[in-house]
Amino acid sequence: MIVQDRIYGRFEIADPAILDLIATRPFQRLKRINQYGGVDLVFPGRYGVTRYEHSLGVWRVLNSLGAPREIQVAGLLHDLGHTAFSHMVDMALSDAGEDYHEKKMRLIEGMEEVDVVLERHRLPLVPGDDCPEIKRSLPDVGADRIDYGVRDYVGALNTGAGLGEKVLRSIELSGREIVFTDQETAGEYALAGLEAMWLCIYDPPVACVYQALTEIIRIGFKEGWIRERDLFGDDPSLFAVIAAHRERLPATHFKLFTTPFRVEEVPEAEADFHHVKLKVRYFDPPVRAGGRLERVSALDPAFREKLEPMKARFEARKKGAFFKVVFADS
């Protein structure tokens, strides 16, 4: 299988187990689940990254590092359990750890196909969260964060060509930890990731879409017209359910998906949405320098000066920001 990837270029997948897993219905379903939770419906063409694309990217990172085969499988499947609209369901159901989807993944249609493939190839289903090569606590990086840090930046800005391939050439495994071998690339990657986080999560128009969709799902689930099995379908099917019940929703919420708008930050009393993000993501990866591991911020004062204000912005959103939506037809 030849993949033409937006950040790693052209690469081949030849492992029979990986190919069989990609062919299963649960993995193919990830083509219809957007990385950013419905924002692509409002800003088409800018937020087009899917969980399928990202999952292949995580496998590519692990494969390029020579990670054990079972870890490569875990990386490929790490997002298999995502609900429609990704983390919006976690937020709607007040799951602070954003892992409701992982607890309920057996509800996905066709999961037995994955079981059959794994059994055939005598491979375990290892949770990605249990693999430090895939998931690590902030500000370290696993293959998951390596991929989305670049992919989100390239996808949202339509820039950064070549950064993904450059990163692959500049990382290695130190035990079970991913570290950079080149300080300049590490800094470039980290800054790209920081900017991507703002554009894909915190930017006020995007934040309003997140809050609207979260509240829509919460309302639909509470009233019973969104069923649990609907959550484990895909984005188009869940949005069709939402559209069919638009009259039951606050007018502003659904209108975000049909009418151009701008956003103003306002006092609480004037706000349509209150955006809170408790799970902060930022990047300060370790770099091998002179036989030691040092963070980019310790090696590069210029990067540190940019990192600290961004961390402060992210931390401030834990307290929330209040936004008013002004529609073009107002």
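Let me sum up the structure you'll find in this document. Since we're looking at a predicted model, the values are computed, not measured. (Residues numbered from 1 in each chain as written. Predicted model: local features only at pLDDT ≥ 70, side-chain atom pairs only at ≥ 80, totals over all residues. Heavy atoms only, no water.)

### As for the sheet that holds strand S6 (residues 273-275)
On the basis of which strands lie adjacent, the open sheet formed by three strands has the order S5-S9-S6 and antiparallel pairing. Of all the strands in the sheet, just strand S5 (261-265) and S6 have a single pairing partner and so form its edges. Geometrically, the sheet is characterised by an average inter-axis angle of 35 degrees between neighbouring strands, direction not taken into account. The pairing of S6 with strand S9 (residues 321-327) spans three bridges and is antiparallel. What sits directly across from histidine 275, in S9, is alanine 321. (Pairing = 2+ DSSP bridges. Helix = DSSP H or I, 4+ residues; strand = E, 2+ residues; numbered from the N terminus. Axes fitted to C-alpha atoms, helices over the stretch in contact; angles between N-to-C directions.)

### Some words on the pattern of salt bridges
Inspection of the entire model under this criterion finds 26 salt bridges. Members of the salt-bridge network, linked through shared partners, are Asp5, Arg6, Glu53, Asp147 and Arg151. (Salt bridge = Lys/Arg side-chain N within 4 Å of Asp/Glu carboxyl O.)

### Considering the environment of threonine 259
Looking at the element boundaries, threonine 259 is found in the loop between helix H15 (251-255) and S5. Residues threonine 259 and valine 42 lie 217 residues apart in sequence; the distance between their C-alpha atoms is 8.6 Å. Here threonine 259 is in contact with Phe327, Ala328 and Asp329, once residues within four sequence places are set aside. (Contact = heavy atoms within 4.5 Å.)

### Regarding the packing of helix H11 (residues 183-202) against helix H17 (residues 301-316)
Running from amino to carboxyl end, H11 crosses H17 at an angle of 20 degrees, the nearest separation of the two axes being 11 Å. One finds that H11 runs roughly parallel with respect to H17. Relative to H17, the crossing made by H11 is left-handed. Contacts between H11 and H17 pair Gly187, Ala190, Leu191, Leu194, Met197, Trp198 and Tyr202 from the former with Phe303, Lys306, Leu307, Met310, Arg313 and Phe314 from the latter. For the contact of H11 with H17, the class distribution of residues is ten nonpolar, one polar and two charged. (Parallel < 35°, antiparallel > 145°, perpendicular 65-115°, else oblique. Left-handed = near helix turned anticlockwise from the far one by under 90°. Nonpolar A, V, L, I, M, F, W, Y, C, P; charged D, E, K, R; others polar.)

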